[in-house]
2 protein chains.
Amino acid sequence: MKARDQIRTVGLFGHGAFGRLIVRHLGPRFDLHIHDPNPAGTPEFGRFCSMQETAACDVVILAAPVERLAQLIADIAPSLRPGALVLDVGSVKTRPAILMRDGLPSNVEIICTHPLFGPQSAAGGLSGLKMALCPVSGRRWRLVARFLGQLGLQVITTTPERHDRDMAMVQGLTHLIAKVLVQMEPLPTGMTTRSFDLLMQAIDMVRHDSLELFLTIERDNPYTKDVRERFFSLAAELNETLSAHDRALTTG
Amino acid sequence: MKARDQIRTVGLFGHGAFGRLIVRHLGPRFDLHIHDPNPAGTPEFGRFCSMQETAACDVVILAAPVERLAQLIADIAPSLRPGALVLDVGSVKTRPAILMRDGLPSNVEIICTHPLFGPQSAAGGLSGLKMALCPVSGRRWRLVARFLGQLGLQVITTTPERHDRDMAMVQGLTHLIAKVLVQMEPLPTGMTTRSFDLLMQAIDMVRHDSLELFLTIERDNPYTKDVRERFFSLAAELNETLSAHDRALTTG
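Looking up chain A in an unreviewed UniProt entry gives the name Prephenate dehydrogenase/arogenate dehydrogenase family protein, with the organism given as Lacibacterium aquatile.

Listed below in structure tokens is the structure:
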């Protein structure tokens, strides 16, 4: 490893549910500087710092909601060190990649990431959990991918566009179906099939996710709207087919 | 056990996928008579017999599609023995219970059942699988429940109406969602979340089920139409809310 690859300080923007998970896993390995506009509690590792101190670290991680990303990038850009490595961790990648490429100095390296799990799944450890990684600029993404692999994560290297296309289906569909089914509760719990049990487990994993995340998935991913409308259109078609059958049975 | 409880011969109507599963589990314990209008292959246990011989057994199991049940009941009624125990195994229970109560002689006992699993789930054994049991007439349903428990099944005693209300949600929703999602394939397989993986597992369990079963669930269960329309109406509402957000973003 060359001297320039040495990473000592990590700056973390955002001490929410996911920020705290980052603290837990990076805290024992790096000198952690944390900034949050509304700092709450005491961090498990590291310490709360000013925006400038946090932005001046070797690695800077943006764990703020997607809609605050543009402002955050504008705020930290002047304080970043040349050669710094900047990563985000949001659920969409096309727009953050553009915002970061356009808004950050050209002498920093940029990697967009999306850990494909929530704090709930990570409670039992990171082993086997998936993480999407989109290299945007610089070469140290290979180093980061190797490090994440050492943490036990399964790293999937991709592009922001490919990520968003797949996630429009993966997250778009699960969250959409969950939102509808949660409104149909109470649903049966005793007399159930294995298939229904699996469906309920899928829903239980996303039902407590924030409205913010739901709106990020549904609106900030440029491909979700098409997936959603295709789902609704196929559902409406099926409903029409079945209603026609019902009418045939009634009048036949 | 009283002499009248002694069960020696079992008559099985239907040698389809589920009929063959019944043969596998009852064949080693009873003298099995099987009738199928289109007998195929050689049964694993027992032998193909005439409709009359099959109907004259101590226990008679109707494993024919729900839409053929009315005709089957009419056909076998004259050949049933007084005191025989007649069971069905279909995915809906309200209508079959009425058909059996109205169409079978009053000197037979009637139990409606619904094994809440397919041959695929039962490939690894019956242990822990659920089975709904609706006593319709007679007292030997307790004996049957105990026997099924000894096979490892988790028996849920209920009424046809309660069964159909719960299954309208359990099977109605899983099969409906599966039908729509299968039409959206190819869906991502690599870059996925745990929640999406569970959703896909749920779908894989029902995707190869017959169109016949789908129509039974969607049309022969008197409560499914309401569940379906509620799902579609909530989905349309959500789509409208999200589209309004999209418009606000575009024009805002």
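Caption draft 1: Broad picture of the sheet that holds strand β5 (residues 85-88) of chain A. All names here are of chain A. Ordered in space as β3-β2-β1-β4-β5-β6-β7-β8, the 8 strands form an open sheet in which the pairing is mixed. In this open sheet, the two strands that pair with only one neighbour each are β3 (47-48) and β8 (154-157). Both β5 and strand β6 (residues 109-115) contribute to a ladder of 4 bridges, which runs parallel. Residue pairing in the sheet places Val86 in a bridge with Ile110 of β6. Against the sheet, helix α3 (residues 69-76) contacts β1 (9-13), β4 (59-62) and β5, and its axis sits at roughly 155° relative to β4. The strands touched by helix α5 (residues 141-150) within the sheet are β5, β6, β7 (130-137) and β8, with β7 carrying the most contacts at an inclination of about 165°.

Caption draft 2: Up close: the nonpolar core. With 66 residues, the main nonpolar core has Leu181, Leu199 and Phe231 of chain A together with Leu181, Leu199 and Phe231 of chain B as its most contacted residues. Of all elements in the fold, only α6 (160-183), α7 (194-206), α8 (211-220) and α9 (224-251) of chain A together with α6 (160-183), α7 (194-206), α8 (211-220) and α9 (224-251) of chain B reach the threshold of two or more residues within this core.

Caption draft 3: Broad picture of the side chain of Asp166 of chain A. Relative to the elements of secondary structure, Asp166 of chain A occurs in helix α6. Judged by its relative accessible area of 10%, Asp166 of chain A falls in the buried class. Setting aside its immediate chain neighbours within four residues, Asp166 of chain A contacts Pro188 and Met191 of chain B.

Caption draft 4: The sheet that holds strand β4 (residues 59-62) of chain B, seen in detail. All names here are of chain B. Overall, mixed pairing links the 8 strands, which are arranged β3-β2-β1-β4-β5-β6-β7-β8 in an open sheet. The two strands at the open ends of the sheet, each matched to only one other strand, are β3 (47-48) and β8 (154-157). Relative to β8, strand β7 (residues 130-137) runs parallel, the two being bridged by 4 bridges. Following the sheet pairing, Lys130 is matched in β8 by Gln154. Contacting β4, β5 (85-88), β6 (109-115) and β7, helix α4 (residues 94-103) crosses the sheet at an angle of about 160° to β6.

Caption draft 5: Region of interest: the relation of the copies chain A and chain B. Structural alignment of chain A on chain B gives an RMSD of 0.0 Å, achieved by rotating through 180° and translating 0.0 Å along the axis. Here the copies are linked by what is in effect a two-fold axis. A symmetric contact is evident, with 98% of the interface residues of chain A recurring at the interface of chain B.

Rules and cut-offs
- Residues numbered from 1 in each chain as written.
- Chains lettered and ligands numbered in written order.
- Predicted model: local features only at pLDDT ≥ 70, side-chain atom pairs only at ≥ 80, totals over all residues.
- Heavy atoms only, no water.
- Pairing = 2+ DSSP bridges.
- Helix = DSSP H or I, 4+ residues; strand = E, 2+ residues; numbered from the N terminus.
- Contact = heavy atoms within 4.5 Å.
- Axes fitted to C-alpha atoms, helices over the stretch in contact; angles between N-to-C directions.
- Core = buried A, V, L, I, M, F, W, Y, C linked by side-chain atoms within 4.5 Å.
- Buried < 20%, exposed > 50% of the residue type's maximum accessible area, 1.4 Å probe, protein only.
- Least-squares fit on C-alpha atoms with pLDDT ≥ 70 in both.

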